[in-house]
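Secondary and tertiary structure notes
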Amino acid sequence: MPGYIKQNKIDEILYKADIFSVINSYITLNKSGNQYKAICPFHNEKTPSLIVTPHKGLFHCFGCGAGGNVINFVMKIENLSFVEAVNLLADRYNIQLEDYNDKALMEKHNLNKRLYSINKDAANIFYKQLRYSFQAKDYALSRALTEAILREFAIGYAKNDWNSLLNNLLKKGYTKTEFLKSGLGNKSAKSDTIYDKFRGRLMFPIQDISGRVIGFGGRTINKNDNPKYLNTAETDIFVKGRHLYNLNRAKAFCQDYLLLVEGYMDVVALASAGIKNAIASLGTALTTNQALLIKQYNKTVYLSYDSDAAGVSATIRNAQFLDDMGLDVKIITLSKAKDPDEFIRKFGANEFLSLIDKSVDVYIYKLNQSQKAYGAKFDTDENRAKYASNALQIISKISDVIRLETYINYISGISKIPKGTIKQQLEKYKQGDIEPIKFQVKQKDEPKQGNITAQEKIINILSNNSEIYQNYKYKLKNLEFKEGILKDTLEFIIIAYENNKIFTPSEYISLLNNENDVQYISKILLDNKFVDKSQMLGYINIVSIDNINKNIADTKLKYTHALKTNNVILANDYLMQINELKKSIEIIKGGAI
Ligand SMILES: [Zn+2]
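As the structure is a computational prediction, the values presented were derived from the model and not from experiment. (Residues numbered from 1 in each chain as written. Predicted model: local features only at pLDDT ≥ 70, side-chain atom pairs only at ≥ 80, totals over all residues.)

1. Digging into the overall build of the protein chain
Going by this rule: The way it works is that DSSP assigns letters per residue, a run of H or I at least four long becomes a helix, a run of E at least two long becomes a strand, and they are numbered from the N terminus. Put simply, a residue is buried when 20 or more other C-beta atoms lie within 10 Å of its own C-beta and exposed when 12 or fewer do; between those, it is partly exposed, and each C-beta is set from the backbone. Remark: residues whose backbone-derived C-beta atoms lie within 7 Å of one another are considered to be in contact.
The helix and strand inventory of the protein chain stands at 26 helices and 17 strands. Over its C-alpha atoms, taken along the principal directions, the protein chain stretches across nearly 85 × 75 × 60 Å. Classification of the 593 residues of the protein chain by burial places 34% in the buried group. For the protein chain, contacts bridging at least 24 residues in sequence account for 63% of all contacts bridging at least 6.

So, in C-alpha cells, the structure goes:
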C-alpha cells in the first residue's frame with residue numbers, strides 16, 4: 001500500500017468516487033431539493049440531520065458536526081487513516097495510485113522500504129542478542145519483565161560494543177548510508193567513523209499502527225550510564241508526532257478506554273500486570289495528529305504521567321489539549337510512586353485500576369492544583385479569595401453550560417463561597433472587570449462574533465460564485481480575516497479565481513490536515529442558500545468595520561504611550577489617525593462606498 005499519495009491522484013478519486021453513491025452504499029439517502037438527507041451513522045438520532053450535497057462533493061451532519069468530502073466519510077465510517085481510506089476508494093474505483101514514472105517519488109518510496117526493512121532486521125538482531133546476554137536477562141528479570149512480556153513486545157538487547165550492529169547489518173547487505181539514515185548509527189564529527197548509537201541497552205522496538213518497526217527506545221542497563229533513555233532520532237519513517245508507542249497492540253484492547261502514559265517502561269509494566277490498553281506519547285507535548293489517532297480508536301482516555309513537577313505540567317498541557325480536541329480525558333493521580341511502572345510493581349494492577357474511579361477531568365485537576373497552592377484548608381480569607389479568583393480564571397473559557405455548572409458547584413463546595421456569588425464574579429471576570437492572578441491557561445476559541453459569521457458568509461458566497469468575486473475583488477483583498485483556517489480559505493479561493501480556476505470544495509477539503517478544520521469548513525461551504533449581491537456587500541462592510549475598530553484600538557494604545565512619553569507631536573498624529581479611521585467607519589455605515 002503506497003504511503004505517499006499525490007494530490008492529482010486524490011483529485012481523481014474525488015472526481016470518480018461520487019459522494020452520493022459512496023455514502024448511499026453505507027446508509028440510505030433521501031432526496032431533498034438538490035441535496036440528500038439521511039440519519040447520521042456517527043451519532044444517535046431519530047430525525048435525519050446528515051446532509052449530502054453531490055454537486056459540491058461534501059457532506060455535513062448538523063447534529064454531531066461530522067463533515068468533509070467522500071474520503072473523510074470513508075475514514076470515519078470504516079475507521080481508517082487518510083491513506084487507508086484513499087487506498088480503499090482507489091481499489092473500488094480502479095484508480096492506479098502508484099505512479100512509477102515519478103523518479104523522485106519512487107526513490108523516496110524505495111528508501112523508505114529499506115528503512116522499514118533495516119529496522120525490522122535490527123529488531124531481530126537485538127532480540128536474539130538478549131537470549132545470549134546474562135547481564136541483560138538479569139536486568140530484565142529485576143524489572144519484572146517475564147519471558148512472555150519480552151516476546152510480546154519484542155524487547156531486545158544492544159551489545160555494549162561500537163560496531164556490533166553495524167557489522168551485522170553490513171553483512172545483511174545494507175549500506176553505511178542506510179545505517180545512518182535509519183537512525184541506528186552515528187557518525188563521528190572528527191574522524192567520519194560510523195558507529196552504533198545504542199550500546200549496552202535494553203531495546204524496545206517502536207512500531208507504527210500497522211506493526212512495522214520504525215524506531216527504537218533504548219534503556220540503559222548500567223546504573224551509571226547516561227542518558228537513562230535514548231530514542232531513535234526522527235527519520236523519514238519515524239516522525240514522533242505521528243505515532244504512539246504500543247497503539248498497534250492496544251487498539252485490540254481499547255473497547256472501554258485507552259490509558260496514556262509517558263514512557264514505554266510504563267506501558268510494558270502495565271501489560272505485565274494484564275493491563276493491555278496503555279499507549280505512550282513519544283515526546284512530552286502531544287500533537288494534533290496523535291490526538292486524532294487516539295480519537296479514531298476511543299474518545300475516552302485516562303492519562304497517568306509521572307507524579308513529579310514536570311509530570312504535573314505535562315499532564316495539564318496534554319490533558320487540556322485532548323479536552324480541547326473533543327476527547328473525554330480523565331487524569332489519574334498516583335501517590336507513593338513516581339510513575340505507573342513503579343506503582344504497578346509496588347501495589348499491583350487492581351490497586352492501579354481502582355485509581356480510575358478516582359480520576360478527574362482537567363478542570364477539576366487544575367482546581368485541585370490551585371487549592372494545593374493556596375492552602376488546602378483556606379485558613380485565611382485572603383487565600384480563599386486568591387483561590388476563587390484563580391478558579392474563575394480556570395473555568396472562564398468553558399462554553400458548555402452544563403459543564404460550567406458542575407465546576408461552579410465544585411468551587412462553591414470547596415471554598416464555601418455561594419454559587420450565586422461565583423456566577424456574578426464569573427460574569428464580571430468575563431467582561432474584564434477583575435484583574436486575574438497570573439496562571440497559565442490554554443486559550444480556547446473565543447465566542448463567535450458577528451464579524452466571524454460575516455467572514456464565514458463571505459467564504460460561502462465566494463465559493464459559489466466567481467462573478468461576485470470579480471465585482472468585489474479589490475475590497476476582498478484588503479479584508480483582514482481571522483488568522484487560521486478562515487484566512488487560509490479566503491486566500492485559497494482568491495488565488496484560484498485570480499488564476500481563472502474553478503474552486504472545487506471537495507478538493508480544497510482534501511488539502512486540510514486537521515479534522516476540526518475539515519468539519520468547520522465543510523459546514524460553511526455546504527450552506528446552499530441563495531445570496532444576492534447586496535448581502536455580500538453587507539458582510540464585507542461588517543468585516544471592514546471590525547478591521548478598522550481593531551486598528552483604532554491599536555492606534556489608541558500608541559496614542560496613550562506617546563502621551564506618557566511626552567511625545568506630543570506623535571500623539572497628535574495618532575489622534576488624527578483615529579479620527580480618520582472613525583470617519584471611514586461612518587462612511588461605510590452611510591453607504592457612501
Ligand atoms: Zn451526526
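2. Focus: the pairing of strand β4 (residues 58-61)
This is how it is decided: Two strands pair under a simple rule: DSSP has to find at least two bridges between them.
On β4, burial covers both faces: Leu-58 and His-60 on one face and Phe-59 and Cys-61 on the other are all buried. Here strand β3 (residues 50-53) runs beside β4; their pairing, made up of 4 bridges, is antiparallel. If you follow Val-52 over to β4, its bridge partner there is Phe-59. Taking the residues that link successive antiparallel strands as the turn, the β3-β4 hairpin has 4 residues, and the phi of Gly-57 there is positive, at about 70°. Bridge count for β4 against strand β5 (residues 67-68) is 2 bridges, and the pairing is antiparallel. Bridge assignment links Phe-59 to a residue of β5, and that residue is Gly-68. Between the antiparallel neighbours β4 and β5 lie 5 residues, among them Gly-65 with a positive phi of about 90°.

3. Some words on the domain arrangement of the protein chain
Selection rule: Residue ranges labeled as domains rest on an automatic or database domain assignment.
Here the protein chain is partitioned into domain 1 (7-92), domain 2 (109-238), domain 3 (242-358), domain 4 (365-430) and domain 5 (542-590). Just the C-alpha atoms count here: the centres of domain 1 and domain 4 sit 44 Å apart.

4. Side note on the sheet that holds strand β1 (residues 30-32)
An order of β1-β2-β3-β4-β5 is seen for the 5 strands of this open sheet, with the pairing classed as antiparallel. Since the sheet does not close on itself, it has two edges, and those belong to β1 and β5, each with one partner.

5. A look at helix α20 (residues 450-464)
Think of an α-helix as 3.6 residues a turn; residues three or four steps apart then line up on the same face. Condition: To estimate how far a helix should reach, multiply one less than its number of residues by 1.5 Å.
With 15 residues, α20 should cover 21 Å at 1.5 Å per step; its first-to-last C-alpha distance of 21 Å lies within 8% of that length. Taken as a whole, α20 has its buried residues at Ala-454, Gln-455, Glu-456, Lys-457, Ile-458, Ile-459, Asn-460, Ile-461, Leu-462 and Ser-463.

6. Thoughts on the packing of helix α17 (residues 381-395) against helix α18 (residues 401-415)
Basically, it comes down to this: Where helices are involved, their axes are fitted lines through C-alpha atoms of the stretch in contact, as for all axes, and angles between N-to-C directions lie from 0 to 180°. Angular relationships are summarised with four words: roughly parallel below 35 degrees, roughly antiparallel beyond 145, roughly perpendicular across 65 to 115, and oblique for the angles in between. Note on residue categories: nonpolar means Ala, Val, Leu, Ile, Met, Phe, Trp, Tyr, Cys or Pro, charged means Asp, Glu, Lys or Arg, and polar means any other residue, Gly included.
Their axes nearest at 11 Å, the elements α17 and α18 cross at an angle of 170°. Relative to α18, α17 is oriented roughly antiparallel. Residues Arg-384, Tyr-387, Ala-388, Ala-391 and Ile-395 of α17 lie in contact with α18, whose contacting residues are Leu-404, Tyr-407, Ile-411 and Ser-415. Here the contact of α17 with α18 is built from residues that sort into 7 nonpolar, 1 polar and 1 charged.

7. Regarding the packing of α18 against helix α19 (residues 419-430)
To be explicit about the condition: In a left-handed crossing the near helix is turned counterclockwise from the far helix by less than a right angle, and in a right-handed crossing that turn is clockwise.
Direction vectors running N to C along α18 and α19 enclose 120°, while the axes themselves pass 9 Å from each other. Taken together, the axes of α18 and α19 lie oblique to each other. The two elements α18 and α19 meet at a crossing, and its hand is right-handed. Listed contacts from α19 to Ile-408, Asn-409, Ile-411 and Ser-412 of α18 are Lys-419, Ile-422 and Lys-423. A per-class count over the contact of α18 with α19 returns 3 nonpolar, 2 polar and 2 charged.

8. Description of the sheet that holds strand β6 (residues 156-158)
The strands making up a sheet are joined through hydrogen bonds of the backbone, oriented either antiparallel or parallel. The strand order across the open sheet formed by 4 strands is β6-β9-β10-β11, and the pairing between neighbours is antiparallel. Unpaired on one side and paired on the other, β6 and β11 (229-231) mark the two borders of the sheet. Across the sheet, the mean angle from the axis of one strand to that of its neighbour is 35°, orientation sign disregarded. One ladder, built from 3 bridges, connects strand β10 (residues 213-220) with β11; its direction is antiparallel. Within β11, the residue paired with Gly-218 across the bridge is Leu-230.

9. Some thoughts on the nonpolar core
Here is the rule: By our criterion, buried Ala, Val, Leu, Ile, Met, Phe, Trp, Tyr and Cys residues that link up through C-beta atoms within 7 Å make up a nonpolar core.
Ranked by internal contacts, the top residues of the largest apolar core, which has 87 residues, are Met-203, Leu-258, Val-267, Ile-279, Val-301 and Leu-303. Ranked by residues supplied to this core, first place goes to helix α11 (residues 264-272) with 7 residues. For Met-203, the contacting residues outside a window of four places in its chain are Phe-126, Ile-155, Gly-156, Tyr-157, Ala-158, Phe-198, Phe-216 and Gly-218.

10. Focus on the pairing of strand β2 (residues 35-38)
In β2, alternate side chains face the same way, and those of Tyr-36 and Ala-38 are buried while those of Gln-35 and Lys-37 on the opposite face are not. In this structure, β1 lies alongside β2, joined through 3 bridges in antiparallel fashion. Paired with Ser-32 across the strands is Gln-35, a residue of β2. As consecutive antiparallel partners, β1 and β2 are separated by 2 residues, and within that stretch Gly-33 has a phi angle of approximately 65°, a positive value. Note that β2 and β3 share 3 bridges and pair antiparallel. Among the inter-strand pairings, Lys-37 is bridged to a residue of β3, identified as Ile-51.

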